[in-house]
Every structure is written in C-alpha cells, then in structure tokens.
Amino acid sequence: MKKHTYLVMGLLGFAALLTSCGNGNQGKGSSGALNSSNAEKVYVAPGEHDEFYAFMSGGYSGNLTVYGLPSGRMFKEIPVFSQFPTSGYGYSEETKPMLNTSHGFVPWDDSHHPDISQTNGELDGRWIFINGNNTPRIARISLSTFETEEIIEVPNSAGNHSSSFVTENTEYVVAGTRFSVPIPQRDMPINQYKGNFQGSLSFISVDPEHGHMDIKFQIIMPGFNYDLSHPGRGKSHGWFFFTTYNTEEASTLQEVNSSQNDKDFIAAINWKKVEEYVNNGGGTKMPANYAHNVYDESTHTATTTMKKEVVTVNPLDVPGAVFFLPTPKSPHGCDVDPTGQYIIGNGKLSADLTIHSFDNMIAAIEGKKFDGEAYGIPILKFEDVLAGTVKSGGLGPLHTEFDGEGNAYTTFFISSEVVKWKLGTWEVIDRKPTYYSVGHLMIPGGNSRKPFGKYVVALNKITKDRYLPVGPEMEHSAQIYDISGDKMELLYDFPTHGEPHYAAGIPAELLAPKSKKFYKLADNKHPYATLGAADSKVVREGKEVHIYMSTIRSHFTPDNIEGVKVGDKVYFHITNQEQDFDVPHGFAVIGANNSELLIMPGQTKTLVWEPKQVGVWPFYCTDFCSALHQEMQGYVRVSPANSNIELSWSLGD
Amino acid sequence: MFPITNLKAFILSFLMLGAMFSCKNEANTATSPTQDKAGTEEIEKQGQAFIDDDGSTPNVLQIAIGSPDHTTLVAAVQAAELENALVNAGPLMVFAPTNEAFAALPEGTVEDLLKPENKAALANILKYHVTAGNYSKEFLMKFKKLGQANDQNVAVEVVREDVLVGGAKILASVPAGNGIVHVVDKVMLPPTE
C-alpha cells in the first residue's frame, strides 16, 4: 500500500512540475523554429508542386502512401497487400487474384521497406517494390500508374523482413527471412530449432522490360534471424549484405536468449557467384507452392499462377560466395554507403556503430584470414574487416542513410535523435532530437549511388503530444529536416498513415512527367469490356447474370434492368467510357457484400452482387463526377427465384 | 519496499526537488554556449520527458523523480541530460542507487561528476546502470551478465536470495510504464577498458 501511495504522490507532483515548466518550455522551443525561415522552406504555394515524391510504407495498413516533400502533403494511398474499399482493390473480380497466396486469400499484410528501381545504382523511377512481412510476399508497383502490378509469394520464408531491396541495375529484388523455419516445412518440436531450422535469402529476378518477377534462387542459410539488408554498389556491386541476430539460435524468450553473444554477423553474399553457379545448372529444384499474381494493364485484370518449384542453393556448394562479418550487439540496420566501400551495422543494443570496409573484407577473404566457421561458412576476423566505429553517444542505433556529400545520418531509437557523422573520420558532426523514438529515416536516393541530400525525413514510432489528441490511437509522426547546411535544421512535423517503416524518395521531375493520366479505351482488352454504349447488354448463364455496363457523364447504360432473381449471382462489368484526365466514376449497389468500385477512364471493373431480397434496388455513381452526378443512377428489379420474368434492360425507354 | 518513514519528509523533499528541477533549466539556458543555441534548447526542453501526461503508468524517470531516496540520482540524470533517454518506449531496466549509495562514494566524487566538464563521464556511469530489457529480480537469476546501455557488460550474481548486479544488491523493485526500476545499494562503476 505504502508503495502505491508513494507512487501516486510522486506522479501528481511530477505532473504539477510539468504544468509549471513544460508548457512554457514548449512555447520557447517552437519560437526557435520561427526565428528562421523554416515556414517558407516547407511552404508549397497553392497550385505549386513539391520537389520530391516520398513513398512511405504503411506498416500494418499493408499499403504504400505517397507524400510530397517538403510539404508533407499526402497524395495517395496505393493499395498493395490489403483490400481497399476506397477503390475496390481486392474486392473487384479483377483485383481479387492479387491477394491469393498458398494460404488462400490473404487480404492484409504488414508492409515494410519500399525501394525504387535503379539503373547504374541511380533511381530510375520505373517501379517501386515493397515487402509483405507477415505472409511473405514482394510487390511491384508501377510508377506511371501508381498501382500494384505484381505480387509474388516467397516460399520457405517467414517474417519477410530483410526485404525488398534492389541491386544496382534492378537485376534482383532481394527478400530475406526474419524467422528461420523448418525447410521444407514439417511437423517437428520447436525446441529442436537449433541446427534444424534454416533461413532463406531469396533473389527474385526482375525482367528489365516488364518488371516481371521470378525467384531465381534461394540461399538456404543457418537458422539465424535475418533482419535487414542492402546491396553492394559501385565496387561492391555483386555483393549483398544481411544483418543477423539470434546467432544463438534460441527458440524461446528471444529478448534474453538472442542477446547472449557479444557479436552477431553481417552475412556477405556474393550473389554474382551464386547466379553463375545456378546458370550453370547448380542448385536443387525443390518442390514448393507459392502464388504469383500479375495484373495486366490491357485486360485490367489480375491472374494467379501457383508455382510448384524453387531453386535452392546450399552455400557450402558455392565456395567463396558466403562469409560472415562479426558485428556487435544484435545489429538491426544494414546500410551501404554510396561508394560501396562501407557496410554499416547498427547494433540496436549498443551506443556505437560498426563500419566494415569492403576492401578489408576482400583482402581478408583473399588472405583466407578466417576466425572459425559457422555451419561451414567462414567467419572473417572482426579486426580485419573493421573500418571504424562511430562513438555516437546516442542509444539504440537503428538505420543509416547518406547525403552523397560524405556524410551519414543514423537514427537512434532510445535516445530519440538523428546523428550526422562523417564517413572515413567517423566523427559526429551534429545531432538533432526527433519526436519521438525514431525508426527508419529517409533521404531521397539515400540508399543509392546518387542521393539527393537536401532533406532527411525521420519516421517516428511514437507520437504522443505532437498533434491535437485523437484518442489512444494516433498516426505516427514524421519530421523533415533541412540537411543542406552543416547542421540539420528541423523544419516541420507531419502525420503519416499506418506505421511507416522505411520510405523511399525521388525527385518529382523523374516521375511526374510520365504519370499516366487515363487508360486508352481502344487498348482495353478486358473480356467483359463495353467499348461503346451500343455494346451494352445483359447475358444470363444459368444462375449467373453478366451485365455489360458502360458509364459516362452522367448515366449508366443500361440504367434499368429486370429479370434478375433471388439466388442469382450478378456481375456488374462496368467500363468507364471517359477519356479525360481525372474523371473516374464510382459504382455502388444496395446490399453489396464486398465493396463499391472506383473505375478510372478507359478501365473495366467488375462487382459481384448476390441479391437476397425481392424488390427494386437502386445503384448509383459514388464519385462526384459531374454536375449531374446525382442523376447518375439505375434500378435492378429482383424477382422471386421461381419467377419467369425475362431479362430486359433499357436506357431512356 | 522503499524505506519511506515519514510522509511529511517525503512531501518536503519532493517540493525541494521540484524547485531544483524548475530552476535548473533556466540556469542552464543562461549558461549554454551561444552558438547553436536553438538546437540546444530543443534538446533540453523538448522530448518525451516533458509531455504532460498524468494518467499513464509512471515511467522509470518519473519513478526516480518521485523518490526521496534518489535525489542524487535524479540530479545526476539531469546534469547528464539523459531525461529523454529514460522515458522512451523501452523496455528499460534501471538500477537506481540510493542517496546513501552515492554518499558512500569517496568524498567529492559526486560533486566532481556533477561538474559540466565531467558530463560525458557521468553519462557513461549512468548508462552503465541501464539495460534494454524488463526483468524481475527473480528472472534476473537466470542471467550471468547483462549488456548495459554504455556498451559494457555487467555481471549478475546470485547470493542466497539476493541478486547482485555489478556487486550492487537489489533492495526493491518498482514496475514502470516503460520497464522496471531496481533500487540498489551501491553505485555500479563501469570497468575501465
């Protein structure tokens, strides 16, 4: 009891103290920002455009959001792994296959690390990739339509976390497993984890023309946790680096048991060597079952193919391809500087950053200076590969990005700050607080050979008092800093949707000119497309009724339909006849058990409706398309199941 | 349990602490170097430590601030400007030496450490008292060592029912919103490398 009384008293006192001090302090803090021209730096005048696109992962929203920098304005939420009633993604017949997996239809995920395609190590703005963490998947999103075009499931993986980072010419998008699991999956005791579970690192080839993804090979590694990864670039192009933790191979209470080793590893993979091995017929074709979902822009329809085989590679079969670099304290972030020389491991339970040198690594490998092995994989000597240590003074380093001017920026979760330091000298140049508990950070192009080092965005995990309170659940806060000078300058706070983990940014001039405005009706190859109003019809196939419907400002053709019966499955195939920028039409019908639709100009989308009640039921356009939007409606007459009313449809009769 | 004997004494010490706390920032602002003043102010006065939140379970910093037996520790945390590191999501396990434990250090040690020029050394010692984790005294018996926030390891020993961390005995434990505070009878001095 005493303890409780005491705690309450202490707490009340603390609160009183804060009311006397804290508020005043906050006022002073914000007046500091007003002293400079920070407001002007983030102000984008009405009608003007932002300088950068920022793509923020949605975390538990399963999606990807598009923002402008420096304004922090949100432009779009792109549905990826989650059903999205706003547009009907994952509800319409065309898009449902996108969410198929070997576990059935999985209409949500946990999206983490977006990465923009590259050519010669520079952002090329063709596609952006993102990983589904929970049910392992990698998605490819077009950066001309800003729609998800492809999702491939990753077999032999669980907690697809060290993903989805691209190599220098987008040869591969790489996906590493966080959880090691039995490979192949089987029924076995969990406490036999050690030595039996394994971790897969998947190299997914990307077709240079269409972007289509295919798992080229999976390297089957020891049963550690593979946390994050980044490709080599420049001189280290051809290598890929993965942080590991739980090299103890603990299977329970990991927060204790996976922190017993002073050092875990960064796994260095010479993927070019493995690729060559596989091209020459190496590797084992292993039975598997995983979904490959592709959206075709001309048919506006996705299809699912279940793939039944994957090539696996035992790292011991490719000598000289895989090495371990000892790295202190359960390293989390794994980042490579723009020159490809430095590989940075951020030990999340540490105060310091460990920087390995690629040249040192190669010298150690060539000199065969090994410090033992783990499951046959050579371990290099820590001292031999180490380039330097950043003594930061911060706590809990997580992730590092680069400005292209020889500086690196690292986030510290526990001490809530971004620390700027110099590559090569490892000296700390500046540090600025974040609000609060920052995870990833993003500089546009900051993980490529050519960063655009004007801004850094800190993606925070904790919001607390940063905005007007909205109850217990809040959007996460982001802060944008000007990094064009020696010292970082906090410019602006803005909320972000879901839980942004990583983000990717790109200059607007690389994307905006090629953003698609509408789909050409003449190119529409959808099997149920209605290319002109005259082609509208209603067709019965047993219990299925297919309505070929067209829509244009401001009516549906047909607008009245009779002869539908209770128990029918009614397919509304709706083609938007508009050929103008930004004239979508919506479609909603009473009692639909799935969603409404949003149909872009030139596009066909299909909603299934299973009427359960006799009556005359309206449908209407949900997008305020025109001055006569409220007139844009129609009726379906639903008769009893045993009715013999013939199908008929009309407009203007 | 905390050896609190007298509520009046508690309130008095708390008030003194409060006065100390509110004065400290002003003093610091006045003496902080003029260069990069804006940045320094932000670091000192903003952050999770300064959020007005009287309803949540107290965090490890709030528990220390509220304890009359830890005024020295709190003063040290403030001098090292570690407030914001102690209020984050954690989990954090803080080994909190009592005033008596600080008093047992050689004479002048605490005064020296509180000097601005020794801020880094003080921060290093304080971080040696912090673990990323949240383990009860009983659970700590499973450990041989802990990795501390200053990047050094500290040994864990079990002597009969007692748990000693870096030679300091756990006297009492208070669960916090973002971890746990173990009150210890000694100041843990980090081994020199």
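Every chain's residues receive numbers from 1 upward, in the order its sequence appears when written. In the order they appear in the text, chains get letters beginning with A and ligands get numbers beginning with 1. It should be noted that, the model being predicted, local features are given only for residues of pLDDT at least 70 and side-chain atom pairs only at 80 or more, the latter also being counted only at that level, while totals for whole chains, interfaces and linings use all residues. Note that the side-chain values use all heavy atoms of the structure and ignore hydrogens as well as water.

As recorded by an unreviewed UniProt entry, chain B carries the name Uncaracterized surface protein containing fasciclin (FAS1) repeats and is attributed to Arenibacter troitsensis.

As annotated in an unreviewed UniProt entry, chain A carries the name Nitrous-oxide reductase and is attributed to Arenibacter troitsensis. Taken from UniProt, the Subcellular location (unreviewed entry) comment for chain A reads in full: "Cell envelope". UniProt positions are given in the numbering used here, feature names are shortened, and annotations may be inferred rather than shown by experiment.

Draft legend 1. The overall build of chain B, seen in detail. Only runs of H or I of at least four residues qualify as helices and only runs of E of at least two qualify as strands under DSSP, and these elements are numbered from the N terminus. Counting its secondary structure elements, chain B contains eight helices and seven strands. Expressed as a percentage of the 193 residues in chain B, the buried residues total 51%. Looking at chain B alone, contacts between residues at least 24 apart form 65% of all its contacts between residues at least 6 apart. Remark: exposure states derive from per-residue accessible area (1.4 Å probe, protein chains only) relative to the maximum for the residue type, with buried under 20%, exposed over 50%, and partly exposed in between. Should any heavy atoms of two residues lie within 4.5 Å, those residues are considered in contact.

Draft legend 2. Spatial organisation of helix α4 (residues 271-279) of chain A. Residue and element names in this part refer to chain A. Listing the buried residues of α4 in full gives Trp271, Val274 and Val278. When α4 is viewed along its axis, its buried side chains cluster within an angular range of 60° and face the same direction. Summarising the contacts, the buried residues of α4 are in contact with β11 (172-176), β12 (198-206), β13 (213-222), β15 (239-245), β16 (263-270) and β18 (301-313). A positive phi of about 95° marks Gly281, the residue just after α4. Throughout, the arc means that of the directions going from the helix axis to the C-beta atoms.

Draft legend 3. Representation of the state of the cysteines within the structure. Two cysteine sulfurs form a disulfide in these notes if their separation is within 2.5 Å. Applying the stated criterion across every chain, the model contains zero disulfides over all chains. Of the cysteine sulfurs around Cys621 of chain A, a residue in no disulfide, the closest is that of Cys625 of chain A, at 4.1 Å.

Draft legend 4. Highlighting the sheet that holds strand β2 (residues 130-132) of chain B. Residue and element names in this part refer to chain B. Any two strands with at least two DSSP bridges between them are considered paired. Ordered by their spatial adjacency, seven strands build an open sheet running β2-β1-β7-β6-β5-β4-β3, and the pairing between neighbours is mixed. With partners counted over all chains shown, the strands left at the sheet margins are β2 and β3 (145-147), one partner each. Strand-to-strand twist of the sheet, defined as the mean angle between neighbouring strand axes without regard to direction, takes the value 35°. In this sheet, strand β5 (residues 162-165) lies alongside strand β4 (residues 153-159) in antiparallel orientation, the contact comprising four bridges. Note that in β5 the partner of Val159 across the bridge is Asp162. Interaxial angles span 0 to 180 degrees and are taken between N-to-C directions of axes, which are lines fitted to C-alpha atoms, for helices over the stretch in contact.

Draft legend 5. Spatial organisation of the environment of Val206 of chain A. Residue and element names in this part refer to chain A. Looking at the element boundaries, Val206 is found in strand β12. On the basis of relative accessible area, Val206 is assigned to the buried category, the value being 7%. Residues Val206 and Gln479 lie 273 residues apart in sequence; the distance between their C-alpha atoms is 33 Å. Contact partners of Val206, with chain neighbours within four places excluded, come to Trp127, Phe129, Thr170, Glu171, Tyr172, Val173, Gly211 and His212.

Draft legend 6. Representation of the sheet that holds strand β3 (residues 74-78) of chain A. All names here are of chain A. If you trace the four strands from one edge of the open sheet to the other, you get β3-β2-β1-β34, paired in antiparallel fashion. Either end of the sheet is taken by a strand with one partner, and the two such strands are β3 and β34 (503-507). Adjacent strand axes in the sheet meet at a mean angle of 20°, parallel and antiparallel pairs treated alike. Two elements, strand β1 (residues 52-57) and strand β2 (residues 64-69), share six bridges in a ladder whose sense is antiparallel. Its bridge partner being in β2, Tyr53 is matched across the sheet by Gly68.

Draft legend 7. Here's a closer look at the UniProt feature "domain: FAS1" (unreviewed entry) in chain B. Taken from the UniProt record, the annotation "domain: FAS1" (unreviewed entry) applies to residues 57-188 of chain B. The span residues 57-188 of chain B is 29% helical and 29% strand by assignment, and the distance between its end C-alpha atoms comes to 27 Å.

Draft legend 8. Structural detail: the domain arrangement of chain A. Residue and element names in this part refer to chain A. Where each domain starts and ends comes from a domain assignment, either automatic or drawn from a database. Annotation of chain A at the domain level lists domain 1 (52-514) and domain 2 (521-650). Put simply, the middle of domain 1 and the middle of domain 2, counted by C-alpha atoms, are 43 Å apart. Taken residue by residue, the interface counts 13 residues in domain 1 and 16 residues in domain 2. Interface area lost by domain 1 to domain 2 is led by Glu93, Glu94 and His300, which between them contribute 36%. Any Lys or Arg side-chain nitrogen located within 4 Å of an Asp or Glu carboxyl oxygen qualifies as a salt bridge. Our enumeration of links across domain 1 and domain 2 arrives at zero salt bridges. Joining two parts hides part of their accessible area as seen by a 1.4 Å probe, and the buried area is that hidden amount summed over both.

Draft legend 9. The nonpolar core, seen in detail. Residues and elements named next belong to chain B. One finds Val60, Leu61, Val77, Leu86 and Leu126 to be the most contacted residues of the largest nonpolar core, which totals 39 residues. Going through the elements one at a time, α3 (60-65), α4 (71-79), β1 (92-97), α5 (99-103), α6 (109-113), α7 (119-127) and β6 (168-176) are the ones with two or more residues in this core. Considering each element in turn, this core owes the most residues, five residues, to α3. Discounting residues that sit within four places of it in the chain, Val77 has contacts with Leu61, Leu82, Glu83, Leu86 and Leu126. For the purposes of this section, nonpolar cores are sets of buried Ala, Val, Leu, Ile, Met, Phe, Trp, Tyr and Cys residues that join through side-chain atoms within 4.5 Å.

Draft legend 10. Examining the pattern of salt bridges more closely. Residue and element names in this part refer to chain A. Scanning all chains against the criterion turns up 27 salt bridges over all chains. The salt bridge partner of Asp214 is Lys307, with a shortest N-O separation of 2.9 Å. Of this pair, Asp214 sits in strand β13 while Lys307 sits in strand β18; the two residues are 93 residues apart in sequence, bridging distant segments of the chain. Its relative accessible area of 23% is what places Lys307 among the partly exposed residues. Sharing partners across several salt bridges, the network here consists of Lys41, Asp482 and Glu489.

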